[in-house]
Amino acid sequence: MRIGDLAAATGTKIVTIRYYEKIGLLPAPPRTGGNYRAYSKMHQERLSFIRRSRALGFTLDEIRELLELSADTERDCAAVDRLVTSHLVEVEDKIADLQRLASELRRMKESCRGGTIDDCRIIEALSSQPSLP
């Protein structure tokens, strides 16, 4: 398939496909006689793996590591488990941060009494220095 077909099949922009090729996440495909890239089912599957991993928040370096690990099918999966566990901790930390942020924004919104900007509790809260725990 051509690059446009691969892009359509995976929901990936052509420029992103070329970038993944450039950085080595996606192997360069062979060229046709007309010098078009000829992508295979393997390219589509690998690109889908990359896209799904990105959607789950893995970095390109983590994806590169996952791809390298997946190439050795007889290898113990402990390294994959460690990588996923580390990523999960990061995700859970971000969730906790976002929950604290939502709580603070809710508190600020609830302090609003209406009126003018001059008396706005939200603007006041945003302008003041936060107290350190």
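Nothing here was measured: the structure is a model prediction, and the numbers come from that model. (Residues numbered from 1 in each chain as written. Predicted model: local features only at pLDDT ≥ 70, side-chain atom pairs only at ≥ 80, totals over all residues. Heavy atoms only, no water.)

1. Topic: the overall build of the chain
And then number 1: In terms of helices and strands, the chain carries six helices and zero strands.
And then number 2: Helices and strands in the chain line up, N terminus first, as α-α-α-α-α-α.
And then number 3: With respect to the principal axes defined by its C-alpha atoms, the chain has extents near 70 × 40 × 20 Å.
And then number 4: Residue burial in the chain is summarised as follows: out of 133 residues, 22% are buried.
And then number 5: The long-range fraction of contacts in the chain, counting pairs at least 24 apart against all pairs at least 6 apart in sequence, stands at 42%.
And then number 6: Counting every atom, the chain has about 9800 Å² of accessible surface; 55% of that belongs to carbon and sulfur.
And then number 7: On the chain, the mean spot of the 21 positive side-chain charges and the mean spot of the 20 negative ones are 8 Å from each other. (Helix = DSSP H or I, 4+ residues; strand = E, 2+ residues; numbered from the N terminus. Buried < 20%, exposed > 50% of the residue type's maximum accessible area, 1.4 Å probe, protein only. Contact = heavy atoms within 4.5 Å. Areas by Shrake-Rupley, 256 points an atom, 1.4 Å probe, with all protein chains shown as cover. Lys, Arg positive; Asp, Glu negative; His and termini not counted. Charge placed at Lys NZ, Arg CZ, Asp CG, Glu CD.)

2. Describing the side chain of arginine 37
And then number 1: With respect to the helices and strands, arginine 37 occurs in the loop between helix 2 (14-22) and helix 3 (41-55).
And then number 2: Among the polar contacts made by the side chain of arginine 37, one reaches the side chain of tyrosine 39 at a distance of 3.4 Å.
And then number 3: Not counting chain neighbours up to four residues away, the residues in contact with arginine 37 comprise Met1, Arg2, Ile3, Arg18, Glu21, Pro29, Pro30 and Arg31. (Polar contact = N/O pair within 3.5 Å; in protein donor to acceptor, adjacent residues only side chain to side chain.)

3. As for the packing of aromatic side chains
By convention here, two paired aromatic rings are described through the distance between centres and the angle between planes.
And then number 1: This structure, assessed with the given rule, holds one aromatic pair.
And then number 2: Their ring planes at 50 degrees and their centres at 6.2 Å tell us that tyrosine 19 and tyrosine 20 sit as a pair that is tilted.
And then number 3: The class for tyrosine 20 is buried, based on a relative accessible area of 7%.
And then number 4: For arginine 2, the ring lying beneath its charged end belongs to tyrosine 36, and the centroid distance is 3.8 Å. (Phe/Tyr/Trp six-rings, centres within 6.5 Å; stacked < 30°, edge-to-face > 60°. Lys NZ or Arg CZ within 6 Å of the ring centre and 35° of its normal.)

4. Things to note about the environment of leucine 26
And then number 1: Mapped onto the elements, leucine 26 comes out in the loop between helix 2 and helix 3.
And then number 2: Note on leucine 26: relative accessible area 1%, which makes it buried.
And then number 3: For leucine 26 and glutamine 44, which are 18 residues apart along the polypeptide, the C-alpha to C-alpha distance reads 9.6 Å.
And then number 4: When sequence neighbours within four positions are dropped, the list of residues in contact with leucine 26 reads Ile17, Tyr20, Glu21, His43, Arg46 and Leu47.

5. Section: helix 4 (residues 60-71)
Because an α-helix packs 3.6 residues into every turn, residues spaced three or four apart end up facing the same way.
And then number 1: Taking 1.5 Å of rise per residue, 12 residues should cover 16 Å, and helix 4 covers 17 Å from first to last C-alpha, within 8% of that figure.
And then number 2: Within helix 4, the full set of buried residues consists of Glu62, Ile63, Leu66, Leu67 and Leu69. Down the axis of helix 4, the buried side of the element spans an arc of 165 degrees, and every buried residue falls inside it. Every exposed residue of helix 4 that faces more than 90 degrees away from the buried side is listed here: Asp61, Glu68 and Ala71.
And then number 3: Where the residues of helix 4 are buried, they touch helix 3 and helix 5 (78-110). (Expected span 1.5 Å × (residues − 1). Arc of directions from axis to C-beta.)

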